[in-house]
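The lines below spell out each chain.
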Amino acid sequence: MKKALLYGLLASMFFALTFILNRSMNLGGGYWLWGASLRYLFMLPMLWLILKKQKAVQAIFQEILTHPVSWLVWSTVGFGLFYAPLSMASCYGESWFVAATWQITIVAGVLLTPLFGGKIPVKNLLFSGVILVGIFLLQLPHLENMNAGGSLKALALILIAGISYPLGNRKMMALCPAGFSTTQRVFGMTLCSMPFWILCAVYAAVTHGLPSSGQIVQSLSVAVFSGVVATLLFFEATNLVRHNPKQLAVIEATQAGEVLFTLLGGILFLHDSLPTPTGLLGIAVVVAGMILNSLSS
């Protein structure tokens, strides 16, 4: 459990780069759909090189051919319907706002437990409720400042992403054989989500032209640090506790660490506006919910 917790926290630090760089691309005029699709287009060859050295690529293709529809559907849900809405949400607020609201995925992860034969861990659900209170407090200043339209759009997009990510991840954990490594699973999901990302890239090219060199570099950074490093760390963390719903909920709760890393990074590097006192209280409540969730196990 300690090892899984460490991996989860490290993953949250690298995941924070996603929110910071997505916001940076939007501020620089980059189209959000390019940022989303380029991440996975860059990830695919990176993961392939890693697995080629391990001589583990052939087993992935054999497994995909065994259950092609499930691989295509749940990979698209877990990666496509997760990252495209999350990237679009970065158009509607500061990086820390999106990162904090994203913690709704922790609640979604807990509520999805019965779909996989487990019981909802009551304590984790209660502490996830604390996180929801924090998200509400975070939304409140935007509603009071007449930014309700953008705030509600961001919330709706993040809700889709927050459900899709744990759903796709858990479905694929259940589908993959016991001997499958985390890297193999992530590569397989990336490969099977390619039809979705290629369509997104074609649409982006037709409607907004090709991405700038700056957006390509930033998307490559997201692919390396968030797409490969953070994803592998987080998926390995969830894999270590896959048979314990309570501990799995705790590992998913480590994503709340993204809020603090994103808040600091956004203010230091993007000059994001500081949260209002109510927003700061909301962030504090979100982080408190994460800590309580961890202590409960």
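As a reminder, the structure under discussion sits directly above these lines.
What you are looking at is a predicted structure, and each value in this text was computed from that prediction instead of being measured.

Before going further, it helps to examine the overall build of the protein chain. Counting its secondary structure elements, the protein chain contains 14 helices and zero strands. Sequence-ordered secondary structure for the protein chain, helices as α and strands as β, is α-α-α-α-α-α-α-α-α-α-α-α-α-α. For 297 residues, the compact-globule formula gives about 19 Å, and the C-alpha radius of gyration of the protein chain, at 18 Å, lands near that figure. Expressed as lengths along the three principal axes of its C-alpha atoms, the size of the protein chain is roughly 55 × 50 × 30 Å. For the protein chain, the proportion of its 297 residues judged to be buried stands at 55%. Sequence-distant contacts in the protein chain: of pairs separated by 6 or more residues, those separated by 24 or more amount to 89%. Total accessible area on the protein chain stands at roughly 12,500 Å², and carbon and sulfur atoms take up 72% of it. Looking at the protein chain, you have 15 positive and 7 negative side-chain charges, and the mean spots of the two groups are 12 Å apart.

Its 22 residues place the ends of helix H4 (residues 68-89) 31 Å apart at the C-alpha level, agreeing with the 32 Å of an ideal helix rising 1.5 Å per residue. When the local axis directions of H4 are compared, the greatest deviation, roughly 35°, occurs at Thr-76.

This part covers the layout of surface pockets. Quantified by volume, the largest pocket comes out at close to 270 Å³. In terms of lining, the largest pocket is formed by Thr-113, Phe-116, Gly-117, Gly-118, Arg-170, Met-173, Ala-174, Arg-242, His-243, Pro-245 and Leu-248. The set of elements that each furnish at least two residues to the lining of the largest pocket consists of helix H8 (148-175) and helix H12 (245-253). Take the lining of the largest pocket: its biggest share by element is three residues, from H8. Of the residues assigned to the lining of the largest pocket, the class counts are five nonpolar, four polar and two charged.

Here Lys-55, not a glycine, exhibits a phi torsion of approximately 55°, which is positive. With respect to the helices and strands, Lys-55 occurs in the loop between helix H2 (32-54) and helix H3 (57-66). The exposure class of Lys-55 is exposed, given its relative accessible area of 78%. Positive phi outside glycine occurs at His-271, with the angle close to 55°. Among the structural elements, His-271 can be located in the loop between helix H13 (257-269) and helix H14 (277-295).

Where H2 meets helix H11 (residues 213-240), the axes come as close as 8 Å, and the angle between the chain directions of the two elements is 55°. In terms of axis orientation, H2 runs oblique to H11. As H2 runs across H11, the sense of the crossing is right-handed. Contacts from Trp-34, Gly-35, Leu-38, Arg-39, Phe-42, Met-43, Met-46, Leu-47 and Ile-50 of H2 reach H11 at Gln-215, Ile-216, Ser-219, Leu-220, Val-222, Ala-223, Val-224, Ser-226, Gly-227, Val-228, Thr-231 and Leu-232. Considered class by class, the residues forming the contact of H2 with H11 number 14 nonpolar, six polar and one charged.

Looking at where Trp-102 falls in the secondary structure, it is placed in the loop between helix H5 (95-101) and helix H6 (104-111). With relative accessibility at 2%, the residue Trp-102 sits in the buried group. Taking the C-alpha atoms as reference points, Trp-102 and Ala-154, 52 residues apart in sequence, are found 9.6 Å from one another. Look past the residues within four positions of Trp-102 in its chain and what remains in contact with it is Phe-19, Phe-82, Leu-86, Ile-158, Ala-161, Gly-162, Tyr-165, Gln-255 and Glu-258.

Okay, the nonpolar core next. Tyr-40, Trp-71, Phe-82, Tyr-83, Leu-86, Trp-102 and Trp-197 are the most contacted members of the largest nonpolar core, which totals 76 residues. Ignoring any residue separated from it by four or fewer positions in sequence, one finds Tyr-40 in contact with Phe-79, Phe-82, Tyr-83, Thr-190, Met-194 and Trp-197.

The next thing to look at is the side chain of Gln-103. Of note, Gln-103 is situated in the loop between H5 and H6. Classification of Gln-103 as buried rests on a relative accessible area of 0%. If we ignore the near neighbours within four places in the chain, the residues touching Gln-103 are Ile-131, Ile-135, Gln-255, Ala-256, Glu-258, Val-259 and Val-286.

It is worth spelling out the packing of aromatic side chains at this point. The description of an aromatic ring pair uses the distance of the two centres, along with the angle that the planes make with each other. Counted according to the given criterion, the structure contains 17 aromatic pairs. On the numbers, 5.7 Å between centres and 55° between planes, the contact of Phe-82 with Tyr-83 is tilted. Exposure remark for Phe-82: the relative accessible area of 5% places this residue in the buried category. When its relative accessible area of 0% is taken as the criterion, Tyr-83 is described as buried.

Enumeration according to the criterion identifies four cavities of 30 Å³ or more in this entry. Around the largest cavity sit Phe-15, Thr-18, Phe-19, Arg-39, Phe-82, Leu-86, Trp-102, Tyr-165, Ser-226, Gln-255 and Glu-258, which together line it. When residues of the lining of the largest cavity are traced back to their parent elements, those giving at least two are helix H1 (2-27) and H4. At three residues, the largest contribution of residues to the lining of the largest cavity is made by H1. Among the residues forming the lining of the largest cavity, the class breakdown is six nonpolar, three polar and two charged.

Cut-offs and rules
Residues numbered from 1 in each chain as written. Predicted model: local features only at pLDDT ≥ 70, side-chain atom pairs only at ≥ 80, totals over all residues. Heavy atoms only, no water. Helix = DSSP H or I, 4+ residues; strand = E, 2+ residues; numbered from the N terminus. Rg over C-alpha atoms; globule rule 2.2 N^0.38 Å. Buried < 20%, exposed > 50% of the residue type's maximum accessible area, 1.4 Å probe, protein only. Contact = heavy atoms within 4.5 Å. Areas by Shrake-Rupley, 256 points an atom, 1.4 Å probe, with all protein chains shown as cover. Lys, Arg positive; Asp, Glu negative; His and termini not counted. Charge placed at Lys NZ, Arg CZ, Asp CG, Glu CD. Expected span 1.5 Å × (residues − 1). Bend = angle between axes of the 7 residues up to and from the residue. 1 Å grid on protein atoms, 1.4 Å probe; cavity = no way out; pocket = protein on both sides within 12 Å on 5 of 7 lines; lining within 4 Å. Points joined across faces, edges and corners; volume = space filled by probe spheres on them. Nonpolar A, V, L, I, M, F, W, Y, C, P; charged D, E, K, R; others polar. Axes fitted to C-alpha atoms, helices over the stretch in contact; angles between N-to-C directions. Parallel < 35°, antiparallel > 145°, perpendicular 65-115°, else oblique. Left-handed = near helix turned anticlockwise from the far one by under 90°. Core = buried A, V, L, I, M, F, W, Y, C linked by side-chain atoms within 4.5 Å. Phe/Tyr/Trp six-rings, centres within 6.5 Å; stacked < 30°, edge-to-face > 60°.

Purely geometric stuff here, so don't read any function into it on its own.
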